[in-house]
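Structural description and commentary
Here's the letter readout for the chains.
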Amino acid sequence: MKLALRVAYDGSAFYGFQRQPEVRTVEGEIIRVLQKLGIIESPEENDFKGASRTDRGVSAFFNVVSFVPSRRPDLARPEVLNHHLSDIWVLGVAEVPDDFHPRFWARSKTYRYYLVNEGFDIEAMRGCADLFEGRHDFSAFAKLEPGRDPIREVERIGVIERQGYLVIEVQGKSFLWEMVRRMVNALRFCGLGILEAEEVERMLAGEYRKKIPPAPPEGLVLWHIDYPGITFEGDERGIRKAKRDLFERYSRALTRAALFGDFLLEV
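A short tour of the structure in this document, coming up. All of these numbers come straight from a predicted model, not from anything done at the bench. (Residues numbered from 1 in each chain as written. Predicted model: local features only at pLDDT ≥ 70, side-chain atom pairs only at ≥ 80, totals over all residues. Heavy atoms only, no water.)

1. Some words on the overall build of the protein
- Helix and strand content of the protein: six helices and nine strands.
- In terms of overall dimensions, the protein is globule-like: its C-alpha atoms have a radius of gyration of 20 Å, near the 18 Å expected for 267 residues.
- Viewed in the frame of its principal axes, the protein has a C-alpha envelope of about 60 × 50 × 35 Å.
- Scored against the burial criterion, the 267 residues of the protein give a buried share of 48%.
- Contacts in the protein between residues far apart in sequence, at least 24 positions, make up 76% of those at least 6 positions apart.
- Of the accessible surface of the protein, which amounts to about 13,800 Å², a share of 51% is contributed by carbon and sulfur atoms.
- Charged side chains of the protein number 39 positive and 42 negative; the gap between the two group centres comes to 4 Å. (Helix = DSSP H or I, 4+ residues; strand = E, 2+ residues; numbered from the N terminus. Rg over C-alpha atoms; globule rule 2.2 N^0.38 Å. Buried < 20%, exposed > 50% of the residue type's maximum accessible area, 1.4 Å probe, protein only. Contact = heavy atoms within 4.5 Å. Areas by Shrake-Rupley, 256 points an atom, 1.4 Å probe, with all protein chains shown as cover. Lys, Arg positive; Asp, Glu negative; His and termini not counted. Charge placed at Lys NZ, Arg CZ, Asp CG, Glu CD.)

Pasting the structure below:
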């Protein structure tokens, strides 16, 4: 039997997703709790895998880990795991095929970036966004790792206008390191008139001297991962607790943002 967990987390509480010695990470905390409950012995022995290695500060409402339990698979339920986890919420569990890998089985990933509206030219941003759709060399918009192909395909990118802020939604099969955050900053520069659509076209064609810097990680959320044929079943009580925790956490942040927004308007 192999199990997969859908997890959400507040990225500001961790040094990224991937486990590292001596620092608190999302993967490390999940492994710690699974070991504490006797569900797994070790990540190596129990084939523990994650879908997306989000950076420090990046949050998720839909990331996935999988493992083969040594014993007590009945404890791998949201209402049990959420009692032991902090800053992480298990929103669903699924029994998956033995060859399931949460990264390679994903048909697409959707990221959302929440951007305060600085008086942007929204149409200019949308025009630049259109240029990113399709298959391109994203070397100018990523921190490249040795051996990784810089060619990626963006299936869809949208600029959604909300009251006082924008949501940049990007969907694709896979992404390079910092790729979404650098794309977001390019759109921001286009919206401020700092960058022209023609410059974005040239950068995608490999003509550039400087790369676009990444936008801050705190605005980025891994929003959804599409797994055809797999349904994550959630426990009503566990999901209710997760929603309550998330609401309390983010409503406090919204209140503080509104407070400082009013202060800035007054001075």
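Further notes follow.
2. Let's talk about the nonpolar core
- Counting 76 residues, the largest nonpolar core has Phe132, Phe141 and Tyr227 as the members making the most contacts within it.
- A per-element tally of this core places helix α4 (residues 179-192) first, with eight residues.
- Apart from residues lying up to four places away in sequence, Phe132 is in contact with Phe138, Phe141, Val154, Ile157, Met183, Ala186, Leu187, Val200 and Leu204.
- Grouped together as the second largest cluster of nonpolar side chains are five residues, Ala8, Trp89, Leu91 and Leu246 included. (Core = buried A, V, L, I, M, F, W, Y, C linked by side-chain atoms within 4.5 Å.)

3. A few points about the packing of aromatic side chains
- Applying the stated criterion across every chain, the model contains 11 aromatic pairs.
- Ring geometry for Phe48 versus Phe67: centroids 6.5 Å apart, planes at 10°, classification stacked. Here the residue Phe48 occupies a position in the loop between α1 (26-36) and β2 (49-50), and Phe67 occupies one in strand β3 (residues 59-67), the gap between them amounting to 19 residues.
- Overall, the relative accessible area of 5% leaves Phe48 in the buried class. (Phe/Tyr/Trp six-rings, centres within 6.5 Å; stacked < 30°, edge-to-face > 60°.)

4. Quick word on the environment of Phe175
- Mapped onto the elements of the fold, Phe175 is located in the loop between β8 (165-172) and α4.
- Given the relative accessible area of 11%, Phe175 is considered buried.
- With 22 residues separating them in the primary sequence, Phe175 and Glu153 have C-alpha atoms 8.4 Å apart.

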